[in-house]
Every structure is written in C-alpha cells, then in structure tokens.
Amino acid sequence: MFKKLLIANRGEIAVRIIRACRELGIRTVAVYSEADRSALHVRMADEAFCIGPPPAAESYLNIPNIMSTAELLGVDAIHPGYGFLAENPHFSEICRDVNITFVGPSPEAIAAMGNKAAARQRMKAAGVPVVPGSDGPVRTEAEALEVARAVGFPLIVKASAGGGGRGMRVVHTREDLRRALQTAQAEAEAAFGSGEVYLEKYVEEPRHIEVQILADHHHNIIHLGARDCSIQRRHQKLLEECPPPGLRDRFLRALGKAAVRAAHAINYTGAGTVEFLVDRDGHFYFMEMNTRIQVEHPVTETVTGVDIVKWQIRIAAGERLTLHQGEVEFRGHAIECRINAEDPRHDFRPAPGTITAFVPPGGPGVRVDTHAYAGYTIPPYYDSLLAKVIAWGSDRQEAISRMRRALQEFEIAGVPTTIPFHLMVLDNAFFRRGEVYTNFVQRRIDLSALAPAASSGR
Amino acid sequence: MTEDGKLDLDQIRAVIQIASEAADIAELEVQSPTLRISVKKAAAARPAAASLPAAPPAGAPAAPPAPAEPDHLVAITAPMVGTFYRAPSPDAPPFVSEGDLVEPGQTVCIIEAMKLFNEIQSEVRGRVARILVENAAPVEYGQTLMLVDPSADGA
C-alpha cells in the first residue's frame, strides 16, 4: 500500500479522499492555491503545499508545480479527484514516467474515452449499443446528409473532443443541417482546439442513467449498479439517485453487463462510470465513459456498502478485488442533492461569499460530504458545489422523506443555496412518481415560484 | 507592505523573525510613509507590536519628497514550487549573502523544478537584509526567500 498520497484537487472531493487515506493508514499531502489557504482540505491533510495563485490554470492545473511538490515531499501516489487533471492523459503519463502512481486508469484508457467519436466506434465494435449515427467524424454536408437519410431527424451534432454537454447542436430539418454543422465545427474548434464533429440521432426526453464500475489490474471487473442522474439543468446534474426509479432488475442487469463490456474493451482499471441514454421505449445507448471518481459516487456507496474511493486507491496499489459480482448487494434507496452556492431565483447565479452559519443535518440515514464550515469564504475562482447531502431509506419514499427532513434541518446563512430548489423537486408529484428525464427541470419545475422570502438563511 | 499600501503580514512576520533570531538586536524599527513596525524584545520575549498608521517620524531620513521610493524591505518570493539553492553548484560560492548589494536583474538564487534550474532575480537595487530559506530546502509557491533593503546605505 502507498505511504504518502498527494491530492491534486480541492473542495469536498479532496476532503473525501483524505478520509479514505486516513482509514487506509496513508499519509496525505494537500496542494492549494493562494485562494484556498484556509480551506478544509489544507487543514485536514498531514502536509500542505501552496502551488500557485488563485486561477486554476496556474495552480490546480499547474502540472510542473504539482509534480515538483510530489517529488519534494516524496509521495508515491497522486489522486486527481474529479475535474481539473482527472481526465488528462498527459498528466497520467507524466506520473507514470516519474514512477508515481496515478490513482486512475492508464493514459491510453483515458485517451480512448476522451475522443467521443473514437470511443463510440470502439463501443460499437465491442457490442455495446450506441445511438444510431455517423461512423466516426463527419466533415462535409454531403456526409452529414447521408447520415440523416439513414437515421432520420432530429439529429444532434457533437464535438469529438467535447463532453459534459458542451459543443452540441440539435438539428430538426435538412435545411438546418449545413449551418448547424458549420457552427458546431467552429464552436468545437474554439472550445476544444479541434473542429472534429460527429452525428447522432437525437433522443428526445431521455433518461440519463449511468453504471459504476470497478476494475482491478488482474482482469476482474464488477459493476456496482446504476444511478439515475436525469435531474439536470443545462447539463449540470443536480440530484442523483440509486437505483434508478421504475426500472426492472432485468433491465438494470443488462445495463451492468454492457458497462462491464465497455470497460473490458479499453482494458480499463480503477473506478469508472459508463453513461447511458435511455429512451422512452426502454432502449439504452452508450453515451460516454467518465474515467474518474464522480461527484455522485456516494449514492452507490450508500446502497451497496462499498467504499468506492478506498477501492480506487487499493486497486491503484495493485490489490485484487475481493468482491465478486454475485456478492454485490443493493439495499434500499439513496438520493443525493448537490447543495451549490447558487441562487436558483436568479438563474442559478453563482454566489461566492462568506458563510456566516453552517449547521449540517444528521440523524438516521443522512450523510453530508462537504468542505464548508461557519466562517468559510467561498472563493470566486472555482465551482460552486458547497455540500452533498445523501439520504438513505429502505425504499424510495423513505429516502425522499429523509431528504426533505435533512434539507429543512440544514442551516446555511450568508450565501444563497440550491436547497429551496431541491425541496421543490422533492415535493413535485411527477418526481415522486419516478417520472424523470433530462428536461424535467425545464418541464416540471416553475422556478419563478421560488419565493424570495423562502431564502432566509436556508 | 504591498504596492497598494495595504499591510503585508508576511513582511511583518519577516521583520519579527529578523528581530527574534538575531541575539544582538534588542529593538528593531522598520518604517515607511504609512506603516511603522517596531519590535522590542523583552527578557521574557514579549510579542511584537505593530502600529498603524505611523505618525511621520520626526527624524525621518532625508528622503526626497514625493514620489518617494517606499522605505521598506522588498521580498523576493518563489515564483514556482521547487528546491531552493543559494549557489549554482555545490562547490561554487553562493550568489549572494546577507549584506551584499544586488542590482535589478541580478541572480540571487536558483529554484530547481522538474530538473530545470530557474534563476531567480532581484527586481530592485538594494542590500540583502535577510535570507529566509536554508540551502536545498523545498519551497512553496509564493514563499518569501529573501528580503532586500532598497534604502540601505550604498544602495
């Protein structure tokens, strides 16, 4: 096992990784920017080192300073968390070159999933269903029209280098195709440095369902079931649950098997997530694979009792998975609400500032992962995730009741949060029936009904 | 003190450190147009006191009227994470020692990062008042390496 691990991240995930290391008896090194001097991960780690000024590009993305810190302090592993350098194959490769273990997959596996058009082709070849569309990248209008004839409208133009909803264009008619292609190519070029795009049939009102997998270096791959992440806003997930409501066990098992096949196809190792779109008729299609730990991993941990972050570290250290697929048990239902420092009354505007009061909820079935505390000032440079509340119940209904109770207990003053929004979702009749899809917020939630008065300290 | 006239705790700390580490200093006063830090050492090592804003000192040096170069120590900080070296090689003499005069652009130390040797230069002309890091020690981003006194005699 590792002796000392550096966490190349900040916020709640850095705190989560430090906790896993403590339980495994590994010393920890926190790195931080000048804006994070008083951050919780800096306080909790055994050692902490400042790596740059506030902008992420000069600190949390500063590979030379992070690698220098790793060498100076003698660490034998680096955990990248999520975001920042987590899916940068170059970073994973540098770690390998200097004999520091990157807690994640090989640079080859990251790169294989990083190019979305290539990943699609590989998944198709491996027998994982993909959304009907182009075989590889599309360059000309003629090529695009040919795809349109084969799969029909509506279509979606996507950037090969994209992900997380960026660089996408929906096309409803033949006439719109040429312009959408050109705009998407230009946008992709500007955003990702590559104008390569591909086409897919646009799945209307899909659900976003993903499968958690664990793969060791000894050819063992298991899945830990599925999560529903359909409650999103502008492709940003807000609420996730495990298991996805209203789906049969047989369907979920088929999804799990497809995810394991996907991981196999790229010799994947570590913890990863295979994302699928599920259409109204119950067909599922591979969307992309996230080659890292995800924000919403705690709902799976809560339902399966498996500590995913600890396993991620143990696998990186070369340990064999001692858990077999048949032994993975799913107990009850878990929901996660992302509490962001954003004002849902004002278009979810990020609201950095100082938290004057902070009393997180507790009691049966409630877990809170956070890096916040009373007196903490949220810097304006990074994402607005403040806390994750995870509620468990013996069934979905109990999980919802507990989440409502927990969110009402949660006292946060000084900054607006997404708590009033979540309470609204939890009370929504469609949500309670399990009718969720990626445009749920748009269709079912009236954000203007969030009364300004409801904000006081909550 | 920073350029915009705000208190710089690191610099105050550095002044306190100078006073507390030198056995032959009983009292140290550093002043600028807006700040005066005076450190007095008691037998029982009483904590230092900083006062702000300072009244224009009566016996202020005959500094030219505005725009006067602020009379305080200038910190040289680490622009990257790495290992601090005072000399170009283990056998070579150090680039600078305390009391030496430095010119703008003069190399005062090296920070080794990723096997690359980065020469760190002074941005001001002055006398090296204090070297705060041991040779071959790891340094963080922004860590104060040396203090230069631009007002020292001969500078």
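Attention here is on the structure that accompanies the text. Being a predicted model, the structure only gives us computed values, none of them experimental.

What follows covers the overall build of chain B. Check the secondary structure of chain B and you find one helix and eleven strands. Reading the helices (α) and strands (β) of chain B from amino to carboxyl end gives α-β-β-β-β-β-β-β-β-β-β-β. Among the 155 residues that make up chain B, the fraction classed as buried is 29%.

Helices and strands together make up the secondary structure of chain A, namely 15 helices and 20 strands. With the principal axes as the frame, chain A shows a C-alpha extent of 60 × 55 × 45 Å. Counting over 458 residues, chain A shows a buried share of 51%. Pairs at least 24 apart in sequence give 66% of the contacts found in chain A among residues at least 6 apart.

Moving on, we get to the environment of Phe84(A). Residues and elements named next belong to chain A. Note on placement: Phe84 falls in the loop between β4 (77-79) and α4 (89-97). Its 20 C-beta neighbours within 10 Å are what place Phe84 among the buried residues. Residues Phe84 and Ala57 lie 27 residues apart in sequence; the distance between their C-alpha atoms is 8.9 Å. If we ignore the near neighbours within four places in the chain, the residues touching Phe84 are Ala8, Asn9, Ala56, Tyr60 and Leu61.

Chain A puts eleven residues into the contact, and the matching count from chain B is ten residues. The set of elements that each furnish at least two residues to the side of chain A that touches chain B consists of β3 (47-52) and α3 (63-72) of chain A. Taken together, the residues that form the side of chain A that touches chain B break down as six nonpolar, four polar and one charged.

Now for the sheet that holds strand β4 (residues 74-77) of chain B. Residues and elements named next belong to chain B. Strand order in this open sheet of four strands is β4-β11-β9-β6, and the pairing throughout is antiparallel. The open sheet has two edge strands, β4 and β6 (101-102), and neither has a second partner. Examined bridge by bridge, β4 and strand β11 (residues 144-149) share four bridges and lie antiparallel to one another. Residue Val74 lies in a different strand from β11, and its bridge partner there is Val148.

Right, let's get into the pairing of strand β9 (residues 207-215) of chain A. Residue and element names in this part refer to chain A. Of all nine residues in β9, nine are buried, a share of seventy percent or more. Of the strand pairs in this sheet, β9 and strand β12 (residues 270-278) are connected by nine bridges, and their pairing is antiparallel. Within the sheet, the bridge partner assigned to Arg207 lies in β12 and is Val278. Both β9 and strand β10 (residues 221-233) contribute to a ladder of six bridges, which runs antiparallel. Across the sheet, residue Ala215 finds its bridge partner in β10, namely Ile221. Taking the residues between adjacent antiparallel strands as the criterion, β9 and β10 are bridged by five residues, where His219 takes a positive phi near 65°.

In this section: unusual backbone geometry. Residues and elements named next belong to chain A. The linkage connecting Phe153 with the following residue, Pro154, adopts the cis geometry, with an omega of -5°. The topology assignment puts Pro154 in the loop between α7 (141-151) and β6 (155-163). Look at the link from Cys242 to Pro243: it is a cis peptide, with omega at -5°. Unlike most non-glycine residues, His219 shows phi in positive territory, near 65°. Among the structural elements, His219 can be located in the loop between β9 and β10. With 11 C-beta atoms counted inside 10 Å, the residue His219 sits in the exposed group. A positive phi angle, close to 55°, is found at Asp347, a residue other than glycine. Relative to the helices and strands, Asp347 resides in the loop between β15 (342-343) and β16 (349-350).

Now for the environment of Glu23(A). Its place among the elements puts Glu23(A) in helix α1 (residues 11-24). In this structure the C-alpha to C-alpha distance between Glu23(A) and Lys310(A), which are 287 residues apart in sequence, comes to 8.3 Å.

Moving on: the sheet that holds β3(A). Residues and elements named next belong to chain A. If you trace the five strands from one edge of the open sheet to the other, you get β3-β2-β1-β4-β5, paired in parallel fashion. The two strands at the open ends of the sheet, each matched to only one other strand, are β3 and β5 (101-102). Pairing between β4 and β5: two bridges, direction parallel. Each residue of the ladder has a partner; that of Ala77, found in β5, is Thr101. Against the sheet, α1 makes contact with β1 (4-7), β2 (27-33) and β4, and its axis sits at roughly 170° relative to β1, the strand it touches most. The strands touched by α3 are β1, β2, β3 and β4; relative to β3, the strand with the most contacts, the crossing angle is about 155°.

Let us look at α3(A). Of the positions making up α3(A), those classed as buried are Asn65(A), Ile66(A), Met67(A), Ser68(A), Thr69(A) and Ala70(A). Gly74(A), located one to two residues past α3(A), shows a positive phi value of around 65°.

This paragraph deals with helix α11 (residues 308-316) of chain A. Structurally, the α-helix is built with 3.6 residues per turn, so residues lying three or four positions apart point the same way. All names here are of chain A. For α11, the tally of buried residues reaches eight of nine residues, placing the bulk of the element in the interior. Ile308, Val309, Trp311, Gln312, Ile313, Arg314, Ile315 and Ala316 are the residues of α11 that are buried. On the buried face of α11, the contacting elements are α1, β4, β5, β9, β12 and α10 (297-304). At the exit of α11 stands Gly318, carrying a positive phi of roughly 95°.

About the thresholds
- Residues numbered from 1 in each chain as written.
- Chains lettered and ligands numbered in written order.
- Predicted model: local features only at pLDDT ≥ 70, side-chain atom pairs only at ≥ 80, totals over all residues.
- Helix = DSSP H or I, 4+ residues; strand = E, 2+ residues; numbered from the N terminus.
- Buried ≥ 20, exposed ≤ 12 C-beta atoms within 10 Å, placed from the backbone.
- Contact = placed C-beta atoms within 7 Å.
- Nonpolar A, V, L, I, M, F, W, Y, C, P; charged D, E, K, R; others polar.
- Pairing = 2+ DSSP bridges.
- Axes fitted to C-alpha atoms, helices over the stretch in contact; angles between N-to-C directions.

This is a description of form; function is not addressed.
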